[in-house]
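Each chain, written out:
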Amino acid sequence: MVVEKLLSAILINFVFILSTQAQLLNWTPGFPQDNSSITIIMDATKGNQGLKNYADSTDVYVHVGVLTNLSTSATDWRYVKTTWGTTAAIAKAEPLGNKKYRYIINDIRSFFGVPVNETIKTINILFRNGVGSIAQRNSDGSDMYIPVYSSALAVRLTLPLREPRYVPVPEPITKTVGETIDIKAFASAASDILLKFNGNVIQTALATDSIIASPTISSFGTQKIVVEATLSGNTVKDSIEFYVASTSTVAALPPNVQDGINYVSSDSVVLVLYAPNKSRASIIGEFNNWIEQTNYQMNITPDGKRYWLGIGKLVPGQEYAFQYLIDGTLRTGDPYSEKILDKNNDPFISSATYPGLKSFPTGATGNIVSILQTNQTPFTWTSSGYTRPDKKDLVIYELLLRDFLAASNWQTLTDTLTYLKNLGVNAIELMPFTEFEGNNSWGYNPFYFFAPDKAYGTKNALKTFIDEAHKKGLAVILDAVLNHTTGLSPLAQLYWDAANNRPAANNPWLNPAPTHPFNVFNDFNHESDATKYLVSRFIRYWLTEYKLDGFRWDLSKGFTQKNCLDNNLYPTDGAKLACWNSYDLNRVNIWQRYYDSMQVVSSGSYCILEHLGNDDEEADLAKRGMLLWGKMTDQYNENTMGYATSTANLNRAYWSNRSYWNDPALDDKPHLVVYSESHDEERTMYKNVTFGNSSGSYNVRDTLNALQREEAKAAFLLMMPGPKMLWQFEELGYDKSIFMCENGVVPQPYASDNPDTKYCKTNPKPPGWNYNNFATATARKKLYNVYAALNKLRNQFRGVFNSRTVSAGTSLGGLNKILILDSSSLKVVVIANFNVTAQSVSITFPVSGTWYSYLSGSTFEANGGIQTINLQPGEYYVYLNKNIPGGIVTSIRDINLSEKGFKIAVVPNPANDNAYVEYELPENGKVTITISNLLGQVIETVNQGFQLKGTQRFYFNKSHFAGKSFQSGNYFVQVRVNNKIGFTKFNMQR
C-alpha cells in the first residue's frame, strides 16, 4: 500500500510538471461548462506572437464571444461583448509578467447573455492592444477557441500541446524514429482510461481522471494518438495525428521545369518550390486527403534551395486543390499559382461573373489553396492582325473594373469596348487585377501575382476581353504592383518573423523593413536574385500568356535598396523624401533590367513608371525608352476652378519645359504621360462644382459652366504633344469625390489628412453611366464628343502631337491660355479663358489667312499680326489652319452613354402612388431601379435582385418608395440589368 501511494504521488507530481508547459492558451477548469467560471491564461510567446513585443502590458484587451448551435460557421461569433478597437473595462486583460495575460469570465452563460435554450459550443477569444492594430492569434492567424462541455463524460489530450484552433492541431512536433513522445490526457470524471499509439494500447489507468505515457516512435509517416475514457458503459475519445518525416531525398530537378506548377503530360505535373534553408516540404491536397504522407514528401535539390515532386495519374482536365506543408507546420499555396481558392471571399463571387467556380475543399486547413489542372483547353486568339499603338501616340483610358461597371466582370467590359473605341482612346489601363486580398479593392494589396482575381471573372473571359480590345486597335495595360505584397502572400509566409510581425531577415524576396517613406505592406528587395527571377517570370507570363501590351508599374520609385529611412542620416520627413527623390543609379539599373526583359519578351511593349520623382532621373529613364507618369491634376484643376494662382501654370504639361527633358536625345521620345485625373487624384469636376470661383452672375459651381470648363481643359490636355491618360468618366465630367463614402457623404473637413476621407478614398464609387438621366446629359454628351473629336485629330495627325511642335507665342501661365503648334502638316492654335470674367486674348497666329474652329465650325481671319479675341468665362477655341472635317460638335450627336437601352414606361404618367414601372429586360440578371430628380440627385435606389429576361413590373406602393412621399414634379426612373439600362422621364402629381 505504501508503494502504491508513493507511485501515485510521483505520478501526480509528474502530471503537474507536464501541465505547466507553456502553450498558447491554458484554462481552468479543464472542462468548462456553460455555467462555469473560467480563468484563461494566454502566453504571447506562442502562436503568432502578436503581443510578444508589445511594450504596454497595461493596454491589452480581449475580443470575446461564443459559438452556439445557431452559429452558421466558425466565424459566426455570437454575443460578442465589446466592439473591436475599444477599451471597455470589461474587456481588459490582466498582465502576469513573462508575456502572459489572464482573463476571467464568471458564469459563462450569464456573462455573454446566452438564452437558456441555446447551446454554447465554444468560447472564442483574441487578445489585442487597445486600438486593435495588433492581436494575439494562432500561428496561422486564426481565432482561438475553448470548448464548452456538457455534464457528460469528456476526455482531452493535453500533451502533445495543441493550438486552440476551431479544429485543434498539434504545435510543431519535430520527432524522428527512435525518439519518445510524451503523452498526457485528462478525463472530466474518474473513469477507465487507455492510450493507444498507432493502434497499439500503450497505457491503461482504472478509476482515475488522468493518464500519461512516453512511447518510442518506431517508423516514419503519420503517427496517431488516441485516448479513450469509459464510465458506466459510455466511451468517449480524443485523438491527435502528427507526422514523422524521413530525410528528404536529394535529387536534381528534372529537365525543363521551373518554379511553380509544371504540366508534363495530360495526367501529371512536377511541382517545384523555391525554399532555401527549410528542413522539409510536402504536398497535401485533394489527392491525399490533406494528410502529410511519405510518398508526397518532396525531393530536395543538391544545392538545398528547391523542393520538387512529380505527381501522376491525375484525371485529365480536373481541378485539384493543394498546398505546400513546410517543416510540418506552415501551409501555403504555390507563389506561381495561376488560380487559387479563397475560403472567405469566393462565396461572394456570383455565378454570372465566374460560372462553375470550384468550392473550397473540405479538409483543407487555412483560407487559401492553389489549383492545378492538367490538359487545359488552349485559348484561341483571333486578333492576329493587331499592331499595338506607338508609345508616343498613346491616349490611355485608366479604369477600375469594380467601379466602372455595375456588373464588374470581363464579359461586361468587353461589351463596353465600342464606347471606348468611339471616344478615340487607343489603350486601356486596368487597375490591378492579379489576386488581391478580398473582392472589394483597388487591387494594391496583392498576394498572388500570376492569378487573375476571380472577382472579375475567369481567365478565358479576361483573354476574350484582351482579344476583342486588340481587334478594335486598343492596347491593354496592367497596373503591376511589385513594390510590395501582403502578409498572406506565400513570399511573405515562407520566411516570416512572427515576433516582429514582418518578413524575416533571411526572406529571399522581401526586406525585413522598408527602405522608403511611402511603402505599404511588405517591401520587395529588387536587388535580390529571387525577386529578379520572380519579376522576369511575371513579365514573360503576362506578356505572352495573356498578350498584354505592357505594364504601368505602381510606385516604381520604391524599387530601391537605398535606405532613406535611416533616422541618423535623414532625421526629418523632408530629408527622407528628398533622399528618396534624388537620382539613384542602382534604381535606374533595376529599371533598365526590367525594361530590357520586357522588350526581349515583347518588343515595343509599354513600360510606364509611376515615378513622380526628380526630373533628372525621370529624363534619364525616358531616354532609355520608358514612359513616366506626368501628374498635372492641381494645375489643370486650378484653371477649371478659375483661380489665378501660380499652380495654374501648365508649362510642365509639355515635356520639353521640364528640367533635363529639354534634351535633343528626347526629341523623338516624348515619353511623359500627362494626365489631369488618375485613380489617385481628386476628380476635377467635383472640385469645380464644390470649390469653383465666381464673379457676378457667373459661377463655376454651376454644373453647365463647370462642364464647359472641362471641355477647355480637354483641349489643353489633348492638344499638348505627348502621350496622355484619362481617368474613367472624366469624359463625362464625373463629379463624385474620390473621398465619397458609400452613403454618398464626403467626410468633413475636406482634407486628405482627415482619417475618414482616407478610409473612404478606396471605397466603391457609383459608375457614371446614369448621367443619361440627368438634366445635364446633353452637356455631358457634348464633353464626350469634344474628347472624341480631339482624339480623332491626334490620331489623324500623329506627327503633330508626338514631337516638339510647340512654338513661340505659347502662353501657359495665368488664366488666359494660348497653345500654338507649328508643323508643316498642320498648325494648331488653342485659346481659352479660364477666368471667371470676360477677357481679351492677344495672339499672333503662325500664318495669316483663314483659320477654322475645329469644334464649332466657325472661322477666323488671321492678318499675320497681333490680334485680340474676346472670350467669355470658360470660352475656348481649337483653331486649325486647315478645314478638317469630323470635329464639329456644336450639334450634339445622339449617343447613349452606356450604349445600351431597352423599353421602359411609367403607367400611368402623370403618376401617382399606385403607378408602376413596366420594363422589358433584354437579358437575365440582377436588376436595380433608381429614381432621381432632374438635377441628377438620387431619391432612392431599390435592388430587385435577379430577374428573368422579358417584361417585368415594379409597383411604387409595394417598394421602398412607399415610405417616401414624392413631391409633385418631374423625375427620371432608370432600370439597370447588368450593364444595360433603360430610362424614362415621368411626372408625379399630388
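In this report, the structure presented in the accompanying data block is examined.

Moving on to the overall build of the chain. The helix and strand inventory of the chain stands at 17 helices and 52 strands. At 33 Å, the chain has a C-alpha radius of gyration in line with the 30 Å of a compact globule built from 990 residues. The dimensions of the chain, computed from C-alpha atoms along their principal axes, are 125 × 75 × 60 Å. Burial analysis of the chain (990 residues in total) assigns 54% to the buried set. Expressed as a percentage of contacts within the chain between residues at least 6 apart in sequence, the contacts between residues at least 24 apart total 69%. Roughly 39500 Å² of accessible area belongs to the chain as shown, and the carbon and sulfur atoms make up 49% of that amount.

Per the stated rule, a full pass over the model turns up 56 aromatic pairs. Consider the rings of Phe379 and Trp381, whose centres lie 4.9 Å apart with planes at 75°: the pair is edge-to-face. Considering the side-chain rings of Phe538 and Trp553, the 6.1 Å spacing of their centres and the 50° angle between planes classify their relative orientation as tilted. Of this pair, Phe538 sits in helix 8 (residues 529-544) while Trp553 sits in strand 32 (residues 550-553), and the two are 15 residues apart along the sequence. Among the residues examined, Phe538 registers a relative accessible area of 1% and is labelled buried.

The next thing to look at is the packing of helix 10 (residues 585-601) against helix 11 (residues 615-623). Where helix 10 contacts helix 11, the two axes come as close as 11 Å, and the packing angle between them is 25°. If you check the angle between helix 10 and helix 11, you find them roughly parallel. Here the hand of the crossing between helix 10 and helix 11 comes out right-handed. Facing Arg587, Val588 and Trp591 of helix 10, the residues of helix 11 in contact are Glu617, Asp620 and Leu621. Grouping the amino acids of the contact of helix 10 with helix 11 by side-chain chemistry returns 3 nonpolar, no polar and 3 charged.

Assignment of secondary structure puts Gln989 in the segment after strand 52 (980-988). Considered as a pair, Gln989 and Asn909 are 80 residues apart in the sequence and their alpha carbons are 9.1 Å apart. Other than its neighbours up to four places away in sequence, Gln989 contacts Pro910, Ala911 and Ser968.

Next up on the list: the pattern of salt bridges. If the charged atoms of two oppositely charged side chains come close together, the side chains can form a pair. Taken as a whole, this structure holds 40 salt bridges when the rule is applied. A salt bridge links Arg552 to Asp554; its shortest N-O distance comes to 3.1 Å. For Lys782, the salt bridge identified is with Glu711, shortest N-O distance 3.5 Å. Of this pair, Lys782 sits in helix 16 (residues 777-796) while Glu711 sits in helix 14 (residues 703-718), and the two are 71 residues apart along the sequence. What makes Glu711 buried here is its relative accessible area of 4%. Salt bridges here are not isolated pairs; linked through shared partners, they connect Asp479, Arg552, Asp554 and Glu610.

This part covers the sheet that holds strand 46 (residues 904-907). Read across the open sheet, the 3 strands follow the order 46-47-50; overall the sheet is antiparallel. At either margin of the open sheet sits one strand with a lone partner, and together these are strand 46 and strand 50 (950-955). Put simply, the sheet's adjacent strands are angled 20° from each other on average, direction ignored.

One broad trend across soluble globular proteins is that nonpolar side chains are buried collectively. Membership of the largest hydrophobic core comes to 152 residues, with the highest contact counts inside it found for Phe551 and Trp553. Once residues lying within four places of it in the same chain are set aside, the contact partners of Trp553 are Ala480, Leu482, Val535, Phe538, Ile539, Phe559, Trp591, Met598, Cys607, Ile608, Leu609 and Glu610.

As a further point, take the state of the cysteines. Between two cysteines, a covalent bond joining their sulfur atoms is known as a disulfide. Summed over all chains, the structure comprises 2 disulfides. Each sulfur of the disulfide joining Cys564 and Cys579 lies 2.0 Å from the other. Handedness here is read from the sign of the S-S torsion; for Cys564 and Cys579, about -70°, the answer is left-handed. Of this pair, Cys564 sits in the loop between strand 32 and helix 9 (573-581) while Cys579 sits in helix 9, and the two are 15 residues apart along the sequence. The same class applies to Cys564 as to Cys579, namely buried. Between the sulfur atoms of Cys741 and its disulfide mate Cys760 the distance is 1.8 Å. Disulfide Cys741 to Cys760: torsion about the S-S bond roughly 90°, handedness right-handed.

Our next topic: helix 16. With 20 residues, helix 16 ought to run about 28 Å at 1.5 Å a step, and its terminal C-alpha atoms sit 28 Å apart, in line with that. Burial analysis of helix 16 places 15 of its 20 residues in the buried class, which makes it a mostly covered element.

This brings us to empty space enclosed by the protein. Inspection of the entire model under this criterion finds 3 cavities of 30 Å³ or more. Roughly 120 Å³ of internal volume is contained in the largest cavity. Its residues assigned to classes, the lining of the largest cavity comprises 7 nonpolar, 2 polar and 5 charged. Quantified by volume, the second largest cavity comes out at close to 50 Å³. Lining of the second largest cavity is provided by Asp259, Gly260, Val272, Leu273, Tyr274, Asp334, Pro335, Tyr336 and Trp509. A per-element tally of the lining of the second largest cavity places strand 17 (residues 268-274) first, with 3 residues. When the residues that make up the lining of the second largest cavity are grouped by side-chain class, the tally is 6 nonpolar, 1 polar and 2 charged.

Contact geometry for helix 12 (residues 633-641) and helix 13 (residues 684-691): axes closest at 9 Å, N-to-C directions at 35°. Crossing hand, helix 12 versus helix 13: right-handed. Here helix 12 contributes Asn637, Thr640 and Met641 to the contact with helix 13, which in turn contributes Thr684, Lys687, Asn688 and Phe691. A breakdown of the residues in the contact of helix 12 with helix 13 according to their chemical character gives 2 nonpolar, 4 polar and 1 charged.

Looking at the element boundaries, Asp467 is found in helix 6 (residues 459-471). Taking relative accessible area as the criterion, Asp467 reaches 3% and is therefore assigned buried. Here the alpha-carbon distance between Asp467 and Ala74, two residues 393 residues apart in the chain, equals 43 Å. Excluding residues within four positions of it along the chain, Asp467 makes contact with Phe379, Thr380, Trp381, Thr382 and Ser383.

Below, the discussion takes up unusual backbone geometry. Cis geometry marks the peptide bond from Gln748 to Pro749, where omega comes out at 0°. Positionally, Pro749 belongs in the loop between strand 38 (724-727) and helix 15 (755-761). Cis geometry is adopted by the peptide bond preceding Pro910, which originates at Asn909 and carries an omega value of 10°. Within the secondary structure, Pro910 is located in the loop between strand 46 and strand 47 (916-921). Positioned with a positive phi, Lys99 is a non-glycine residue whose angle comes to about 70°. On the secondary structure map, Lys99 appears in the loop between strand 4 (94-97) and strand 5 (100-105). We note that Phe521 has phi near 55°; this positive angle belongs to a residue other than glycine. Structurally, the position occupied by Phe521 is in the loop between strand 30 (502-503) and strand 31 (522-523). Using a relative accessible area of 48% as the deciding quantity, one classes Phe521 as partly exposed.

Here we come to the sheet that holds strand 16 (residues 260-265). In sheet architecture, strand pairing relies on hydrogen bonds along the backbone and comes in two forms, parallel and antiparallel. Strand order in the open sheet made by the 4 strands is 16-17-20-19, with antiparallel pairing throughout. Edge positions in the open sheet fall to strand 16 and strand 19 (299-300), since each of these has one partner strand only. Examined bridge by bridge, strand 16 and strand 17 share 5 bridges and lie antiparallel to one another. Paired with Ile261 across the strands is Leu271, a residue of strand 17.

How each quantity is defined
- Positions within a chain are numbered from 1, following the residues in the order the chain's sequence is written.
- The model is predicted, so local features are restricted to residues of pLDDT at least 70 and side-chain atom pairs to those at 80 or more, both for listing and for counting; the totals for chains, interfaces and linings are taken over all residues.
- The side-chain values count all of the structure's non-hydrogen atoms but skip hydrogen atoms and water molecules.
- Put simply, DSSP H or I for four residues or longer makes a helix, DSSP E for two residues or longer makes a strand, and each gets a number counted from the N terminus.
- Computation of the radius of gyration draws on C-alpha atoms alone. For the globule rule, the value is 2.2 Å times the number of residues to the power 0.38.
- Only protein chains enter the accessibility calculation, which uses a 1.4 Å probe; a residue whose area is less than 20% of its type maximum is buried, one above 50% is exposed, and one in between is partly exposed.
- The contact rule is simple, with two residues in contact once any of their heavy atoms fall within 4.5 Å.
- All accessible-area figures derive from a Shrake-Rupley calculation using a 1.4 Å probe, and residue coverage is judged against the displayed protein chains alone.
- Centres within 6.5 Å are what make two rings of Phe, Tyr or Trp a pair, Trp counting through its six-membered ring; a difference in plane orientation under 30 degrees is then read as stacked, over 60 as edge-to-face, and the rest as tilted.
- The angle between two axes is taken between their N-to-C directions and runs from 0 to 180 degrees, where each axis is a line fitted to C-alpha atoms and a helix contributes only its stretch in contact.
- If an angle is under 35 degrees, it is roughly parallel; if it is over 145, roughly antiparallel; if it lies from 65 to 115, roughly perpendicular; otherwise it is oblique.
- In this scheme the handedness of a crossing depends on how the near helix is turned from the far one: anticlockwise by less than a right angle means left-handed, clockwise means right-handed.
- Under the scheme applied here, ten amino acids are nonpolar (Ala, Val, Leu, Ile, Met, Phe, Trp, Tyr, Cys and Pro), four are charged (Asp, Glu, Lys and Arg), and all others, including Gly, are polar.
- By salt bridge we mean one thing: a side-chain nitrogen of Lys or Arg within 4 Å of a carboxyl oxygen of Asp or Glu.
- Pairing between strands is defined by DSSP: at least two bridges between them are needed.
- Definition used in this section: a nonpolar core is a set of buried Ala, Val, Leu, Ile, Met, Phe, Trp, Tyr and Cys residues joined via side-chain atoms within 4.5 Å.
- Pairs of cysteine sulfur atoms within 2.5 Å are what we label disulfides.
- Expected span, for any helix, means 1.5 Å times one less than how many residues it has.
- Put simply, the grid is 1 Å and covers the protein atoms alone, a cavity is a trapped set of points that fit a 1.4 Å probe, a pocket is an open set with protein on both sides within 12 Å along at least five of seven lines, and lining residues have an atom within 4 Å of a point.
- Grid points are joined across faces, edges and corners, and a volume is the space filled by probe spheres set on the points.

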